[in-house]
Every structure is written in C-alpha cells, then in structure tokens.
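Fold and geometry: a report
These are the residues of each chain, in order.
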Protein chains: 2
Amino acid sequence: MRRLREYGSAMTTVTCVGLAVLDLVFGVDARPDRGRKTFADSMTVIGGGPAANASVAVARLDGNARFLGRLGDDVIGDLIIDDFAKWGVDASGVRRIRSIPSPVSSIVVEADGERTIVNHSDPMLFAPEDIIVADDLVGSDAVLGDLLWPTGAISAMRAARAIGIPGVLDFDETPRGPIDLILTAPTHIVFSAPALASVSGDLDPGKGLEIVRSRTDSWVAVTLGSDGVLWLDEADDLRTTPAFDVDAIDTLGAGDVFHGAFALGLAETRPIEQVIRRASAVAALKCTRFGGRAGIPCAEEVDEFLSSRSAGQ
Amino acid sequence: MRRLREYGSAMTTVTCVGLAVLDLVFGVDARPDRGRKTFADSMTVIGGGPAANASVAVARLDGNARFLGRLGDDVIGDLIIDDFAKWGVDASGVRRIRSIPSPVSSIVVEADGERTIVNHSDPMLFAPEDIIVADDLVGSDAVLGDLLWPTGAISAMRAARAIGIPGVLDFDETPRGPIDLILTAPTHIVFSAPALASVSGDLDPGKGLEIVRSRTDSWVAVTLGSDGVLWLDEADDLRTTPAFDVDAIDTLGAGDVFHGAFALGLAETRPIEQVIRRASAVAALKCTRFGGRAGIPCAEEVDEFLSSRSAGQ
C-alpha cells in the first residue's frame, strides 16, 4: 500500500512503461526535394517517446522517475540510456535485447515548424512474451504506460491494480489487440481525441467518454489541446478543465509531459481537479518554450505559474 | 621518394583526406507525407562521405588505407571511427573537435530506389586554419582528397607534391575559394560532369577538360557514369576509357570507390590506362551489389572480373 506523504515529496515514485526512442532533429528552410541532398542548418540528438518524455517530466517535477522499456543492445540504445541519466531518470530496469536495433527517428523540422517524422521500431523489440510484473514496480506510487509497447503497458496496468497504486494509460494509438482487455486494465485512461473517436466510434468527445466508460471501471478523460481536458467525475457527470491561455511556440511532447505530471499528481494523492489543473499547467509552460525535454518546467516554475493564474485561466 | 614495388603489394599506402559522415538509412514504401509520421520497414547505420568511402575501397583492394579528417568528440564520431576500424582503415590521425557535432545524414530510400538525403555538417568542423602537412603523410604513396573539407584536401595536395607522391582531387563540388588555387594543387584531378561544367563554363566534357587543362599542370579527367571516363593524355589528346557494361542495381558510392581505386592504382605505379580501367572495374562491380561499403569488391574479385572482360568491355 502507498505511504502517506506531503505533496511533491521527493519520495514519490512514478514508473513509466513504454517506448524510448532516439530522435535526430534536422532544422531545414523548406521541405527537402525528393531525390536530392539538402543541407540542414542544425541537428540535435534528443531522446523521445511518450512514456520516456513523461518520465523526464516526472523528474523535472521533483518526483522519483523510473523508466521501464525495451531497447536494443546497440549504440543508439546507449545514447537513449545516457539521456535518461542526464535528466535524472532511473533507467536501470530497461531490458536490452541483443541483435535488435533500438528505435530511432529522423525528424525534419521546416522553418514554419512543420515536422515530418520517419521512425523505425523493430517489431521484435515489442515481443508479447515480455511483461511487467508487480516485482518490477516495487517502490512505485503510480505507473504510466503508453501503447507503443502494448503488452508492457497493459501488464504494468494490471500489476499496478494488483499492488493498489494508480495505473495511468496514455491512450494515443489505436491498438491491434482486444480493446476491452486494454480498457479494463488501467485505473485511469487519458485519451487523445483521435484515439477516443476511434475506440468509441463517436466523434463527439463527451459522448465518446460515456461510451468507453460503459465498458470499464477506469476513470476516463480526453485531452483536447487548447480546448482543455474533458473528464467524467465520480457521478459520471461530464467535467471540463480549461487549458491555460499561453503563446504556444512548440507543442512537441506537450501531451507526454501532461501524462507524466498527471501520474505524478495521482502518486502524490492530490485531489483529481488539482491533478488535472497542475498537469495542464505543466503542458502549457512546455508549449511556451522551444527544445523538447529542455522546455519542461520544474516544480517551482509550475507553482509560480499556478499562483499567477489562480484568479482565472 | 616512392619505393618501387610489385603492383598490389600490401606495402602500398593511400591517405584519404576529407569528410566522414554517419548515414542513417531508412527504407520506406513511398515518400513520407509532409507533417506526418511514417514507419520505416528498415533502418541501417553506415559510415559515408566521399574520401571515407574511398579509404574503405583502398582497404578492400589490399592497400594500406588511412583516413584523415575532422570529427566532433561525440558518439556520432565514435560510431564513424568504429566503422573505419571494422573495414581495416587506419583512422588514428582523425582530429576530434570538442563541442562540435560530427556530420550525420538521414537518407530515406523509397521502394523504387529514390533517395532523399538531409545532411548536417557543422561549418566549424571545417575551419580553414587546420591543414594537412607533409608530416601527416609520412609513409603514404598517394593522397586522395575531397572538397567537402576544402582546406584539408588542398593542403594535402600541396603536401603530396612537396614529398613527390600523387595527389588526387575528387572534384565533385563547386568550391567557394579561389579556383586556380584548387586547380593547381593536385597532381591529378578527377571531375564529376556537373563540377567540370561549372568550373569550365562549358557543358561539353571534352571542351571542359581542355579549358581546365589550360589553367593547371595537373592530369585531368571527368567521370561520365555509363559513358566511361574522359581524360587528356601526355600530348593533351582526348582519350576515352569506356565503362564496363554491367547490370547496375545500386550506384551509391560508386564514384567514391572509383576515386579510391584510382589513387591506389597510382600509388602502385601502374600505367595510367591500367589505373583507369581497374578503377572502372571496381566501380562497375560495386554497382552490381546492394549495400554501400559491403558492396565494394576485393582485389581478387577485380582481377577475375578484368580477366573475364579482357576480350572487350
């Protein structure tokens, strides 16, 4: 069972389960011509992946962050592990698989901000026989999973339920497996709007939430970007937490950061309204800054931002 | 002065000076949609760069291969150095520059073979104050340079002249510096057709060669792909060495491999007709095989190929 503690205590541990990837981000003027060679103005090597980015957000927000996933036993994998260390995320539980390449993306960002991504993730890296069990989660106060490693995330959700801690699913992909198995494993599901529409068959997010709610006892929500977060309360009434009004200049990873802050808030046993509002603030601040993980705010910045916005949004 | 030796003796050393780069090659069905995420079927990490590929060809052809260039003191640079070691190229003289990223390319190859390349090479990596001097070339029997590191290549050509060994320039870029400085430094210049047209101002390769020949005492040639190699002999008469007729399935790096074999042939003091014919055979064999450096033939395969084609081309 969870230990009781102060909000934001350094003892709070969130384990993130999913995909970690290495991103090579090339900055170019305009879209490269097909069949030609284009010289980029800049190139940055950064770590990426939904649960991986979320774990960095947890660390930035003074939580103990752990990442569990599968990587190849190659130099790309070494770089990903090095980046976790840089951000203070414990990646010692990552499973390294021999003779399988680690996931890598080439991201070409044009001057107007348009991003074109080519990702390679070897299917063998996400073999279904490798699962997360309760022993993997010892000391965790909450678990977050993404569906890019489906069996990892789902088994982690089940293990979380078994040991009585929140299991949060970042539901941003349309998975191939049996959907009810996925819907019933987590204690909390945060959908993206396209994923919710796909799963529920209804384009209206409110109706979509009600449809999926009828198929699970999980708490359910959907993130709608600048339209905020829609969720169902204990009485199954539809609630909206508005987004903060900021000048967004870089939305990359904002969703991942939201999920990390959300899981940390639950781990800290904050009330749900506060959990959502705080996660929204973290995502909003992230959007006001360039540069991936370097743009994730720290706990102090979030507290200041929330105080300054306490009068309204 | 050069030592006399048998053709193809393992004592023959070629130093290649220029750009080394890490290529991430993604295999995709069709051109990725702008602003979207595409999942690649395959991804391969390989070393690239004109002089770097040439040095691997020298090693494959039983020459002692050395590579001299500038790389960042980062993991990308480590991977490039590891790849040289794998192919038996001595890269111990590579200069590692702190706080500057090593060159890297993302290459997206579509099912029909079309390649779209985005390269990043930090201009600071090719700072003009770093030059190659005679001491860097001790033990070399020939030097090859590419213009992606212009001051490196040109200073290497001058040092080669100073110690009395051939200095071969792979002239495949339109350089920014004073052109006559570049034309007079090498003992041998091998142009690409577009570079020759740009430098000479004449689209006819034969006329182009005559124009550049009037500005240098270097031996000059231009490679024309399946149309062979055009060159000027000692009497300044135009000569053609036809290309070998093969079923080309992968032409990537064929030019680089030609230059490496050409420099090795000069280092082995072969007659010029034989040097060109042999380098053409190496490039032709390379084109019949998939897979970058793995497709470069060894000396024995080249000898067999040349015997089999001795009756004609």
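Residues numbered from 1 in each chain as written. Chains lettered and ligands numbered in written order. Predicted model: local features only at pLDDT ≥ 70, side-chain atom pairs only at ≥ 80, totals over all residues. Heavy atoms only, no water.

Turning our attention to the overall build of chain A. Assigned secondary structure in chain A consists of nine helices and 15 strands. Taking 313 residues into account, the globule formula puts the C-alpha radius of gyration at 20 Å, and chain A, at 19 Å, falls close to it. Burial status across chain A gives 56% buried among its 313 residues. Relative to all contacts within chain A whose residues are 6 or more apart in sequence, the contacts with residues 24 or more apart total 63%. (Helix = DSSP H or I, 4+ residues; strand = E, 2+ residues; numbered from the N terminus. Rg over C-alpha atoms; globule rule 2.2 N^0.38 Å. Buried < 20%, exposed > 50% of the residue type's maximum accessible area, 1.4 Å probe, protein only. Contact = heavy atoms within 4.5 Å.)

In this section: the relation of the copies chain A and chain B. Between chain A and chain B, the superposition needs a rotation of 179 degrees and an axial shift of 0.1 Å, giving an RMSD of 0.1 Å. Read as a symmetry element, the transformation amounts to a two-fold axis. In terms of proximity to the rotation axis, the leading residue of chain A is S106(A), whose C-alpha is 3.3 Å off the axis. Looking at the interface residues of chain A, 100% of them are also at the interface in chain B, so both copies use one shared face. (Least-squares fit on C-alpha atoms with pLDDT ≥ 70 in both.)

A word on the environment of S155(B). Residue and element names in this part refer to chain B. Relative to the helices and strands, S155 is located in helix 3 (residues 150-163). Note: C-alpha distance between S155 and D130 (25 residues apart in sequence) is 9.2 Å. The residues touching S155, leaving out its near neighbours within four places in the chain, are I131 and I132. Reaching out from S155, the side chain makes a polar contact with the backbone oxygen of T151 at a distance of 2.7 Å. (Polar contact = N/O pair within 3.5 Å; in protein donor to acceptor, adjacent residues only side chain to side chain.)

On to the packing of aromatic side chains, then. The relative placement of two aromatic rings is captured by the distance of their centres and the angle of their planes. All names here are of chain A. Evaluated as defined, the whole model comprises twelve aromatic pairs over all chains. With 5.1 Å between their ring centres and 70 degrees between their planes, F244 and F305 make a pair best called edge-to-face. Here F305 lies in helix 9 (residues 299-308) and F244 lies in the loop between strand 15 (238-241) and helix 7 (254-267), a separation of 61 residues in the sequence. Across this residue pair, the class does not change: F244 and F305 are buried. (Phe/Tyr/Trp six-rings, centres within 6.5 Å; stacked < 30°, edge-to-face > 60°.)

All names here are of chain B. One pass over the structure, following the stated rule, counts 32 salt bridges over all chains. With a closest N to O distance of 3.1 Å, D236 and R213 form a salt bridge. You can see D236 sitting in the loop between strand 14 (229-232) and strand 15 (238-241) and its partner R213 sitting in helix 6 (residues 205-213), a full 23 residues away along the chain. Classification of D236 by relative accessible area gives partly exposed; the value is 35%. (Salt bridge = Lys/Arg side-chain N within 4 Å of Asp/Glu carboxyl O.)

Here we come to the sheet that holds strand 9 (residues 115-120) of chain A. Backbone hydrogen bonds are what pair the strands of a sheet, in a parallel or an antiparallel way. Reading across the sheet, the five strands line up as 4(A)-2(A)-8(A)-9(A)-3(B) and stay open at both edges, with mixed pairing between neighbours. Sheet topology places strand 4 (42-48) of chain A together with strand 3 (37-39) of chain B at the edges, where each strand pairs with a single neighbour. Taken over all neighbouring pairs, the strand axes of this sheet differ in orientation by 20 degrees on average, direction set aside. Inspection of the sheet shows strand 9 of chain A paired to strand 3 of chain B by three bridges, in the parallel sense. Looking at the pairing, N119(A) lines up with F39(B) of strand 3 of chain B. Packing against the sheet, helix 2 (residues 75-86) of chain A makes contact with strand 2 (21-27), strand 4 and strand 8 (104-109) of chain A, and its axis sits at approximately 90 degrees to strand 2 of chain A. (Pairing = 2+ DSSP bridges. Axes fitted to C-alpha atoms, helices over the stretch in contact; angles between N-to-C directions.)

Residues and elements named next belong to chain B. Within strand 11 (residues 167-171), five of the five residues are buried, which leaves it mostly tucked inside the rest of the structure. Residue alternation in strand 11 divides its side chains into two sets, G167, L169 and F171 and V168 and D170, and both sets are buried. Pairing of strand 10 (residues 142-146) with strand 11, which is carried by four bridges, proceeds in the parallel orientation. Each bridged residue has a counterpart across the sheet, and for G145 the counterpart in strand 11 is L169. As for the winding sense of the linkage, the β-α-β connection from strand 10 through helix 3 to strand 11 is right-handed. For strand 11 and strand 12 (residues 188-192), the ladder comprises four bridges, and the chain directions are parallel. Bridge pairing in strand 12 links F171 to F191. (Right-handed = clockwise from strand over helix to strand, strands pointing away.)

Another point: the interface of chain A and chain B. Listed by partner, the interface residues are 31 residues for chain A and 31 residues for chain B. For the pair chain A and chain B, the summed buried area comes to about 2,900 Å², and 63% of that belongs to carbon and sulfur atoms. The three residues of chain A that bury the most area against chain B are R31(A), R34(A) and V118(A), which together make up 22% of that side's buried surface. Between R34(A) and D112(B) there is a salt bridge, with the nearest N and O atoms lying 3.0 Å from each other. Linking chain A to chain B there are 19 residue pairs in polar contact (both at pLDDT 80 or more). (Buried area = accessible area lost by both parts, 1.4 Å probe.)

The subject of this paragraph is the environment of I80(A). You can see I80(A) is positioned in helix 2. The spacing of I80(A) and P103(A) is 23 residues in sequence and 9.5 Å in space, taken between C-alpha atoms.

Right, let's get into the side chain of D256(A). Residue and element names in this part refer to chain A. Examined against the element boundaries, D256 turns out to sit in helix 7. Of the side chains with opposite charge, R293 comes closest to the buried, unpaired D256, at an N-O distance of 7.5 Å. Side chain to side chain, D256 and N53 meet in a polar contact 2.8 Å long. (Lys, Arg positive; Asp, Glu negative; His and termini not counted.)

Here the focus is the confidence of the model for chain A. Where the model shows low pLDDT, its predicted coordinates should not be examined in detail. Residues and elements named next belong to chain A. Summarising the model, chain A shows a mean pLDDT of 92, and 95% of its residues fall at 70 or more. Every residue in residues 1-5 scores below 50 in pLDDT, and together they form 14 contacts with partners more than four places removed in sequence or on other chains. In the model output, the complex is listed with pTM 0.77 alongside ipTM 0.76. (pLDDT = per-residue confidence, 0-100.)

What follows concerns the sheet that holds strand 12 of chain B. Residue and element names in this part refer to chain B. Spatial strand order, 5-1-10-11-12-13-14-15: eight strands in an open sheet with mixed pairing. Two strands close off the open sheet at either side, each with one partner strand: strand 5 (64-68) and strand 15. Recorded for the sheet is a direction-independent mean angle of 20 degrees between the axes of neighbouring strands. Two elements, strand 13 (residues 219-223) and strand 14, share three bridges in a ladder whose sense is antiparallel.

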